[in-house]
Amino acid sequence: MRKQVLTMLCVALAGLVFIPTVFFNQPLFALIGAFFDWLPLPTGWMKAGGEINKTFLKLHVAVTLIAYAIFGGWLVTGTATVGFAFLEVWWVAVIFGVLMGY
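Residues numbered from 1 in each chain as written. Predicted model: local features only at pLDDT ≥ 70, side-chain atom pairs only at ≥ 80, totals over all residues. Heavy atoms only, no water.

1. Some details on the packing of helix 4 (residues 54–77) against helix 5 (residues 80–99)
Packed helix pairs are specified by the crossing angle of their axes together with the interaxial distance, meaning the distance between the axes.
Phase 1: With their axes 8 Å apart at the nearest point, helix 4 and helix 5 run at an angle of 160 degrees to one another. Here helix 5 runs roughly antiparallel to helix 4, going by the angle between their axes. Considering how the two elements wind past one another, helix 4 and helix 5 form a crossing that is left-handed. (Axes fitted to C-alpha atoms, helices over the stretch in contact; angles between N-to-C directions. Helix = DSSP H or I, 4+ residues; strand = E, 2+ residues; numbered from the N terminus. Parallel < 35°, antiparallel > 145°, perpendicular 65-115°, else oblique. Left-handed = near helix turned anticlockwise from the far one by under 90°.)

2. Things to note about the side chain of T64
Phase 1: Mapped onto the secondary structure, T64 falls in helix 4.
Phase 2: The exposure class assigned to T64 is buried, which follows from its relative accessible area of 11%.
Phase 3: Excluding residues within four positions of it along the chain, T64 makes contact with W38 and A93. (Buried < 20%, exposed > 50% of the residue type's maximum accessible area, 1.4 Å probe, protein only. Contact = heavy atoms within 4.5 Å.)

3. Brief notes about the nonpolar core
Phase 1: Counting residues in each nonpolar core, the largest one holds 14 residues, and the members touching the most others are F18, Y68, F71, W74, F86 and W90.
Phase 2: Residue assignment for this core shows that the elements contributing at least two residues are helix 1 (2–23), helix 2 (30–38), helix 4 and helix 5.
Phase 3: Excluding residues within four positions of it along the chain, W74 makes contact with T21, V22, N25, Q26, P27, A30, T79, V82, G83 and F86. (Core = buried A, V, L, I, M, F, W, Y, C linked by side-chain atoms within 4.5 Å.)

4. Some thoughts on unusual backbone geometry
Phase 1: Its identity as a non-glycine residue notwithstanding, N25 has a phi of 50 degrees, on the positive side.
Phase 2: With respect to the helices and strands, the residue N25 is situated in the loop between helix 1 and helix 2.

5. Some points on the environment of M100
Phase 1: Within the element layout of this structure, M100 appears in the segment after helix 5.
Phase 2: In the structure, M100 is positioned ten residues away from W90 in sequence and 16 Å away in space, judged by C-alpha atoms.
Phase 3: Beyond its immediate chain neighbours, meaning those up to four positions away, M100 contacts E51, I52, N53, F56, L57 and H60.

6. A few points about the side chain of T7
Phase 1: You can see T7 is positioned in helix 1.
Phase 2: In this view, T7 contacts P40, W45 and M46; residues no more than four positions away in its chain are not counted.

Here it is as structure tokens:
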């Protein structure tokens, strides 16, 4: 349960950083949010203790990778529309991540 709380805290912090950086079109500052978003992976906090829904796991991974491909495009172009696309796709990845436990 502690790992899940730490993971959700990191994702929440990432979202709190992503929203204003997208709104003000500051992709370099969004790297701070990306740090918090990915932190649970190397720390092992994302390892599920119980049973997980493999379909949602695959969707979570795929959509996360798509979101960060868009993020890369945002870093390169600096276009606000690309930033908003990143945020929208990233949010869907978060939802799939939450649904993995159901």
